[in-house]
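# Descriptive analysis of the structure
The lines below spell out each chain.
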Amino acid sequence: MAKIVYYSQTGQTRKFVEKIKNIESLEITPDHFEIEMAEAFILVMPSYETNVHPIVIDTAADFLETADNLSYCKGLFGCGNRNFAELFCITARTLAEEYDIPLLHTLEFQGSPLDVQKMEEELLQIDHNH
């Protein structure tokens, strides 16, 4: 069964992930990213102000470059604040471009019921295809 891997510095992304029922999730941090995945997952990445952005990007990159993790990543969800304008979900958009991973969805803060439904649909699609 597909999993969710996420980063959450402020707790908003964690709150979104916790809304997804009956799914295993894994939180990565700058000190805890060397985890080898053995099953498909969706990576959920938040965006913050530009001074925090390099830490978030580096953590995600280090995680994706650990073992064969990149091959198991089936897509990205980006979390952010629309007040950031062009920086809205910049972390997920940057990773999608750099690693050629589909950007499946973007959402604001901890997401809405529609965002939760989109995640559930994407996870089901991954499970159906594998």
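To be clear, the structure that these remarks concern was listed above.
Below or above, wherever it landed, is the structure these notes cover. (Residues numbered from 1 in each chain as written. Predicted model: local features only at pLDDT ≥ 70, side-chain atom pairs only at ≥ 80, totals over all residues. Heavy atoms only, no water.)

## Notes on the overall build of the chain
Within the chain, the regular secondary structure consists of five helices and five strands. Across the chain, helices and strands are ordered from the amino to the carboxyl terminus as β-α-β-β-α-α-β-α-β-α. Over its C-alpha trace the chain gives a radius of gyration of 13 Å, about what one expects of a compact globule, namely 14 Å for 130 residues. Projecting the C-alpha coordinates of the chain onto the three principal axes gives extents of approximately 35 × 35 × 25 Å. Looking at the chain as a whole, 48% of its 130 residues qualify as buried. (Helix = DSSP H or I, 4+ residues; strand = E, 2+ residues; numbered from the N terminus. Rg over C-alpha atoms; globule rule 2.2 N^0.38 Å. Buried < 20%, exposed > 50% of the residue type's maximum accessible area, 1.4 Å probe, protein only.)

## Examining the pairing of strand E5 (residues 103–108)
With five bridges joining them, strand E4 (residues 73–80) and E5 adopt parallel strand pairing. Within E5, the residue paired with Cys 79 across the bridge is Leu 107. The handedness of the E4 to E5 crossover, carried by helix H4 (residues 90–99), is right-handed. (Pairing = 2+ DSSP bridges. Right-handed = clockwise from strand over helix to strand, strands pointing away.)

## A word on the pairing of E4
Across the eight residues of E4, seven count as buried, placing the element largely inside the fold. As paired elements, strand E3 (residues 41–46) and E4 share six bridges and run parallel to each other. Within the sheet, the bridge partner assigned to Met 45 lies in E4 and is Gly 78.

## Side note on the sheet that holds E5
Spatially, five strands are ordered E2-E1-E3-E4-E5 in an open sheet, and the strand pairing comes out parallel. The open sheet has two edge strands, strand E2 (25–27) and E5, and neither has a second partner. With strand direction ignored, the average angle separating the axes of adjacent strands in the sheet is 20 degrees. (Axes fitted to C-alpha atoms, helices over the stretch in contact; angles between N-to-C directions.)

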